[in-house]
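Inside the fold
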Amino acid sequence: MELIKLLVIDAWFAWIPAVGFAMVFNVPKKMLIYCAIGGASAHSFRYLLMHFGIPIEWATLAASSSMGFLGLYWSRKRLIPRPVFTVASVIPMIPGSFAFTTVIGIVELNSGGYNMALAQVVVENGLRTLFILGALSFGLALPSILIYRGRPIV
Amino acid sequence: MSLGHEAQNELTRIAVKAGQILHQHGAESRLVEQTTQRIGMALGAQSIELSVSSDAIVITSLFKGNCVTTTRRCYDRGINMYMVCEVQRICVMLEKQLLDADQVKERLARLVPFKYNRWLVVLMIGFSCASFSHFFGGDTPVYITTFFASAGAMILRQELAHRHHNPFVNFALAAFLATSIASIGVINQFGEDPKIAMAASVLLLVPGFPLINAVSDMLKGHISTGIARWVFATLLTISVSIGIVGSMAITGVWGWIA
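A quick note: this is a predicted structure, and the numbers were derived from the prediction, not measured.

Here we come to the domain arrangement of chain B. Residues and elements named next belong to chain B. Segmentation of chain B into domains returns domain 1 (5-110) and domain 2 (118-251). The C-alpha-based centres of domain 1 and domain 2 are spaced at 34 Å. Taken together, the contact between domain 1 and domain 2 spans eleven residues of the former and ten residues of the latter. Buried surface at the junction of domain 1 and domain 2, both sides included, amounts to about 910 Å², of which 53% is carbon and sulfur. Of all residues in domain 1, Glu-28, Ser-29 and Arg-30 give up the largest surface area on contact with domain 2, accounting jointly for 46% of the area buried on that side. Remark: the boundary between domain 1 and domain 2 carries one salt bridge. In this structure, the connection of domain 1 to domain 2 is made through seven residue pairs in polar contact (both at pLDDT 80 or more). Take the side of domain 1 that touches domain 2: its biggest share by element is three residues, from helix H2 (residues 29-42).

This is the structure in structure tokens:
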């Protein structure tokens, strides 16, 4: 019961950035609802997986590939290219904070001189950024890599 | 089916226009390539060869041994999924023979980018970054600080983009503003852990679309465009970080690392 409540709260806070960034990308009005559903379900699915102790990279891969297949269904149904829904939906999962921490760490390494603790921050955050981002895009691309293989989806 | 030289020229121009619109508004390379080829083939060409690079497309249409080649520069006009949807719809209608060449040309020329009301976008982006602060474990005062910091940064970002400033300058200044506003919260101790606001308020400047496009381009074989997009996104990230560090150096509030 407690878990369901946490999931609902997570989904509620995930649809807002999905729609907000969809509006920055000028997604047509009728498609915003898909971005909201996609963002909420993908992020809460990742939350659920991480709750059971799955590492963030694998949880992200699972969530984004499920989003990829959901986007495939919607895209066939509405005859709209897939990135229109899928990219906005995974925006809440983008590792922005890790990326900025990495680069700020690099700037600090230059200005304050090399030290082990800072180098550790840079390497750990940088690797995490790369792997989460790779998982995210790979998951989204999965339907066209595995099923369509070069044929157009819409 | 016969196609005169003039008709083949016309076909090539229509196809390249569609490809140019897609490329300028942030479609991934595979989509640009496929849609342009489908439009050209539907208009009667035997084959369409397309080379997509990071800022231009080169297209050759083939009909009975006759080649027509043309190039278009594609200046970045900002991500606009509405335009991508519309070009895709025209392509599908053309393939179902609901449109002929003249109608396609006219419709492509008539497309105007759709934009949301900018204040609505500012409001939604404010709430978006505030939601990120919730994910980082912030409480209500932090939520409010983040909202104002990111909404302010979004207004600045829109103003600078409207005046065609360089995106790197734009992102650095917006990050500077967001971090400065959020550090007011840290100085006055709003909430349990006000430093969360500093981390969450700059997340509107993450180049998410270019990064995802970069990786999916590379996965689908367009290595060079993928690398170009990746480098662009990395440079944006670096300029955001410079803006953050500049603000922290001036205010003395060290919200990141340390």
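The discussion continues.
This brings us to the packing of helix H1 (residues 5-24) of chain B against H2 of chain B. In a pair of packed helices, the angle between the axes and the distance between the axes together describe the arrangement. Residues and elements named next belong to chain B. One can describe the packing of H1 onto H2 by two numbers: an axis separation of 9 Å at closest approach and a directional angle of 155°. The angle between H1 and H2 falls in the class roughly antiparallel. Relative to H2, the crossing made by H1 is right-handed. Packed against H1, whose contacting residues are Leu-11, Ile-14, Ala-15, Ala-18, Gly-19, Leu-22 and His-23, the element H2 presents Leu-31, Val-32, Thr-35, Thr-36, Ile-39 and Gly-40 at the interface. Residue composition of the contact of H1 with H2, grouped by class: eight nonpolar, five polar and no charged.

All names here are of chain B. Scanning the model with the defined rule gives 14 aromatic pairs over all chains in all. Their ring planes at 55° and their centres at 6.4 Å tell us that Phe-132 and Phe-135 sit as a pair that is tilted. With a gap of three residues between them, Phe-132 and Phe-135 both fall in helix H5 (residues 118-135), about one helical turn apart. The exposure class of Phe-135 is partly exposed, given its relative accessible area of 24%.

Bringing the environment of Leu-140 of chain A into the picture now. Note on placement: Leu-140 of chain A falls in helix H6 (residues 116-148). Since its relative accessible area comes to 6%, Leu-140 of chain A is described here as buried. Once you skip the residues sitting within four places of it in the chain, Leu-140 of chain A turns out to touch Ser-64, Met-67, Gly-68, Arg-82, Thr-86 and Val-90 of chain A together with Ile-212 of chain B.

Turning to the confidence of the model for chain A, a few remarks are in order. When pLDDT is averaged across chain A, the result is 93; 100% of the residues are at 70 or more. Per-element averaging of pLDDT across chain A places helix H4 (residues 83-90) of chain A at the bottom with 92 and helix H2 (residues 32-51) of chain A at the top with 95.

Here we take up the interface of chain B and chain A. When the parts of a complex come together, some accessible area is lost, and that lost area is often used as the size of the interface. Contacts between the two partners involve 57 residues from chain B and, on the opposite side, 53 residues from chain A. Surface buried jointly by chain B and chain A totals about 4700 Å² across both partners, of which 79% is contributed by carbon and sulfur atoms. The three residues of chain B that bury the most area against chain A are Tyr-116, Ile-212 and Ile-257 of chain B, which together make up 15% of that side's buried surface. At the boundary of chain B and chain A, one finds zero salt bridges. Across the chain B-chain A interface, the total number found is eight residue pairs in polar contact (both at pLDDT 80 or more). Those elements that provide at least two residues to the side of chain B that touches chain A are H2, helix H3 (81-95), H5, helix H6 (140-162), helix H9 (208-219) and helix H10 (223-251) of chain B. For the side of chain B that touches chain A, the leading source of residues is H5 of chain B, giving ten residues. Class assignment of the residues belonging to the side of chain B that touches chain A gives a composition of 40 nonpolar, ten polar and seven charged.

Core analysis: the biggest nonpolar cluster contains 103 residues, and Phe-25, Val-27 and Phe-100 of chain A together with Leu-108, Leu-204, Ile-244 and Trp-256 of chain B have the highest contact counts within it. The element contributing the most residues to this core is H3 of chain B, with eight residues. When residues of this core are assigned to domains, at least three fall in each of domain 1 (5-110) and domain 2 (118-251) of chain B. Beyond its immediate stretch of four places on either side in the chain, Phe-100 of chain A contacts Val-202, Leu-203, Leu-205, Val-206, Thr-237, Val-240, Ser-241, Ile-244 and Trp-256 of chain B.

Here is what the cut-offs are and how they apply
Residues numbered from 1 in each chain as written. Chains lettered and ligands numbered in written order. Predicted model: local features only at pLDDT ≥ 70, side-chain atom pairs only at ≥ 80, totals over all residues. Heavy atoms only, no water. Domains from an automatic or database assignment. Contact = heavy atoms within 4.5 Å. Buried area = accessible area lost by both parts, 1.4 Å probe. Salt bridge = Lys/Arg side-chain N within 4 Å of Asp/Glu carboxyl O. Polar contact = N/O pair within 3.5 Å; in protein donor to acceptor, adjacent residues only side chain to side chain. Helix = DSSP H or I, 4+ residues; strand = E, 2+ residues; numbered from the N terminus. Axes fitted to C-alpha atoms, helices over the stretch in contact; angles between N-to-C directions. Parallel < 35°, antiparallel > 145°, perpendicular 65-115°, else oblique. Left-handed = near helix turned anticlockwise from the far one by under 90°. Nonpolar A, V, L, I, M, F, W, Y, C, P; charged D, E, K, R; others polar. Phe/Tyr/Trp six-rings, centres within 6.5 Å; stacked < 30°, edge-to-face > 60°. Buried < 20%, exposed > 50% of the residue type's maximum accessible area, 1.4 Å probe, protein only. pLDDT = per-residue confidence, 0-100. Core = buried A, V, L, I, M, F, W, Y, C linked by side-chain atoms within 4.5 Å.

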